[in-house]
Amino acid sequence: MRRKMVAGNWKMHGNLLENKPLLNAIVTNLNGLQEVSFLVCVPYLYLPSVQDTLRNTNIAWGAQNVSQYEKGPYTGEISALMLNDFECGYVIVGHSERRTLFGEDNRTVSEKYQAAQRAGITPILCVGETLEQREAGTTEQVIEEQIASVIKLAGIKSLANAIIAYEPLWAIGTGRTALPEQAQDIHSFIREGLAKQDANIAKDLTILYGGSVKSNNASELFDMPDIDGGLIGGASLIAADFVAICRALHQ
Ligand code: 13P
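Residues numbered from 1 in each chain as written. Predicted model: local features only at pLDDT ≥ 70, side-chain atom pairs only at ≥ 80, totals over all residues. Heavy atoms only, no water.

**Section: the overall build of the protein chain**
Piece 1. Across its full length, the protein chain carries 11 helices and eight strands.
Piece 2. What you see for the protein chain is a C-alpha radius of gyration of 17 Å, in line with the 18 Å of a compact globule of 251 residues.
Piece 3. Counting only C-alpha atoms, the protein chain reaches 45 × 45 × 35 Å along its principal axes.
Piece 4. Taken over 251 residues, the protein chain has a buried fraction of 53%.
Piece 5. Within the protein chain, contacts between residues separated by at least 24 positions form 72% of all contacts whose residues are at least 6 apart in sequence. (Helix = DSSP H or I, 4+ residues; strand = E, 2+ residues; numbered from the N terminus. Rg over C-alpha atoms; globule rule 2.2 N^0.38 Å. Buried < 20%, exposed > 50% of the residue type's maximum accessible area, 1.4 Å probe, protein only. Contact = heavy atoms within 4.5 Å.)

**Re the site of the ligand**
Piece 1. Taken together, Asn-9, Lys-11, His-95, Glu-167, Ala-171, Ile-172, Gly-173, Gly-211, Ser-212, Leu-231, Gly-233 and Gly-234 form the complete shell of residues around the ligand.
Piece 2. At a separation of 2.8 Å, an oxygen atom of the ligand approaches a polar backbone atom of Ser-212. (Near = heavy atom within 4 Å. Polar contact = N/O pair within 3.5 Å; in protein donor to acceptor, adjacent residues only side chain to side chain.)

**With respect to the pattern of salt bridges**
Piece 1. Taken as a whole and assessed by the stated rule, the structure comprises 13 salt bridges.
Piece 2. Between Arg-107 and Glu-111 there is a salt bridge, with the nearest N and O atoms lying 2.8 Å from each other. Highlighted residues: Arg-107 and Glu-111, both in helix α5 (residues 106–118), separated by four residues, approximately one helical turn.
Piece 3. Its relative accessible area of 48% is what places Arg-107 among the partly exposed residues. (Salt bridge = Lys/Arg side-chain N within 4 Å of Asp/Glu carboxyl O.)

**Things to note about unusual backbone geometry**
Glycine aside, a negative phi is what most residues show, and trans is what most peptide bonds show.
Piece 1. You will see that Glu-87, though not glycine, has its phi angle at about 55 degrees, which is positive.
Piece 2. Structurally, the position occupied by Glu-87 is in the loop between α3 (80–85) and β4 (90–93).
Piece 3. Positive phi, normally seen in glycine, also occurs at Ser-212, with a value near 55 degrees.
Piece 4. Within the secondary structure, Ser-212 sits in the loop between β7 (206–210) and α10 (218–222).
Piece 5. A relative accessible area of 10% places Ser-212 in the buried class.

**Details of the sheet that holds β7**
Piece 1. Taken together, eight strands build a closed barrel; the order of strands is β1-β2-β3-β4-β5-β6-β7-β8 and the barrel is parallel. Between one strand axis and the next, the sheet turns by 30 degrees as a mean value, whatever way the strands run.
Piece 2. As judged from the two bridges shared by strand β3 (residues 59–63) and β4, these two strands associate in the parallel manner. Bridging across to β4, Ala-63 finds its partner in Val-91.
Piece 3. Along the sheet, helix α11 (residues 239–250) contacts β1 (4–9), β2 (36–41) and β8 (229–232); its crossing angle with β1, the most-contacted strand, is approximately 165 degrees. (Pairing = 2+ DSSP bridges. Axes fitted to C-alpha atoms, helices over the stretch in contact; angles between N-to-C directions.)

**What to know about the environment of Glu-77**
Piece 1. Positionally, Glu-77 belongs in the loop between β3 and α3.
Piece 2. A relative accessible area of 37% means that Glu-77 is categorised as partly exposed.
Piece 3. As for Glu-77 and Asn-58, which are separated by 19 residues in sequence, their C-alpha atoms are 29 Å apart.
Piece 4. If we ignore the near neighbours within four places in the chain, the residues touching Glu-77 are Ser-67 and Gln-68.

**Comments concerning the packing of aromatic side chains**
Piece 1. In this structure the tally under the stated criterion is two aromatic pairs.
Piece 2. Between Tyr-69 and Tyr-74, the ring centres sit 4.0 Å apart and the planes meet at 10 degrees, which makes this aromatic pair stacked.
Piece 3. Residue classification places Tyr-74 among the partly exposed residues on the basis of a relative accessible area of 34%.
Piece 4. Positioned above the aromatic ring of Phe-102 is the side chain of Arg-98, whose terminal nitrogen or guanidinium carbon lies 4.2 Å from the ring centre. (Phe/Tyr/Trp six-rings, centres within 6.5 Å; stacked < 30°, edge-to-face > 60°. Lys NZ or Arg CZ within 6 Å of the ring centre and 35° of its normal.)

**A short note on the packing of helix α1 (residues 16–30) against α11**
Piece 1. Two elements in contact, α1 and α11, have axes whose closest approach is 9 Å; the angle formed by their N-to-C orientations is 30 degrees. Taken together, the axes of α1 and α11 are roughly parallel relative to one another. The two elements α1 and α11 meet at a crossing, and its hand is right-handed. On α11, the residues that touch Leu-22, Ala-25, Ile-26, Asn-29 and Leu-30 of α1 are Ala-239, Phe-242, Val-243, Cys-246 and Arg-247.
Piece 2. Considered class by class, the residues forming the contact of α1 with α11 number eight nonpolar, one polar and one charged. (Parallel < 35°, antiparallel > 145°, perpendicular 65-115°, else oblique. Left-handed = near helix turned anticlockwise from the far one by under 90°. Nonpolar A, V, L, I, M, F, W, Y, C, P; charged D, E, K, R; others polar.)

**Quick notes on the pairing of β1**
Piece 1. Counted residue by residue, β1 has five buried out of six residues, so it is predominantly covered.
Piece 2. When β1 meets β2, the two strands line up parallel, connected through six bridges. Of the residues in β2, the one forming a bridge with Val-6 is Phe-38.
Piece 3. In this fold, β1 hands off to α1, which returns the chain to β2; that crossover is right-handed.
Piece 4. Across four bridges, the pairing between β1 and β8 is parallel. Residue pairing for β8: Ala-7 is matched across the bridge by Leu-231. (Right-handed = clockwise from strand over helix to strand, strands pointing away.)

Below you can see the structure in the form of structure tokens.
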């Protein structure tokens, strides 16, 4: 069944002192809400303490990146098996910041996706176009290629244990959210494209929208039939905002 989800992506934010009150406020305010999955993806170093704080709550935790390799001489990398040590249920792969700032191409992202799944961790595969690509009319082609690369390596059935997040680059951290209809168009393009390969996989796939989701625009985005929740950057660092977005989906 398609699961609704709000996931926070803290990116490179947070510290030991501030993480705890943020998480405690989120836990307290979302306590007992069951129909929606809630998740925070935190910097690697905070996983042990986040695990301690969130264990036995309805908030899951995950990482923001993972190595495509299982183990070996890869200085500075973190493997999926290491994430398992901290009971990460999820990991973001292919975030546009990884793609554009750290040179991750479709092949690398697909390998990371597969590495996560091999360890039993659900990858959240980020896809999305730049402003130039949108203006050039190549949005659908870009997204199709990003998803096709993963399917080529891991197979269409792998999407039964994955989440896709559509994050247009021009909407990330810019305050410029995609219009609900614009986002819906791409979400339904993704779902319909996958349905041609496997109708059940497409029907049950959770597709999140990300890019300047705030408490004042979350509801209209979440009302769209193919938007199953959000991947939240900046607003996930402010407890009241993150809780309000979570509640907007829960309604
Ligand atoms: P913002 O919500 O800050 O725009 O970030 C979105 C994002 O990149 C989540 O992964």
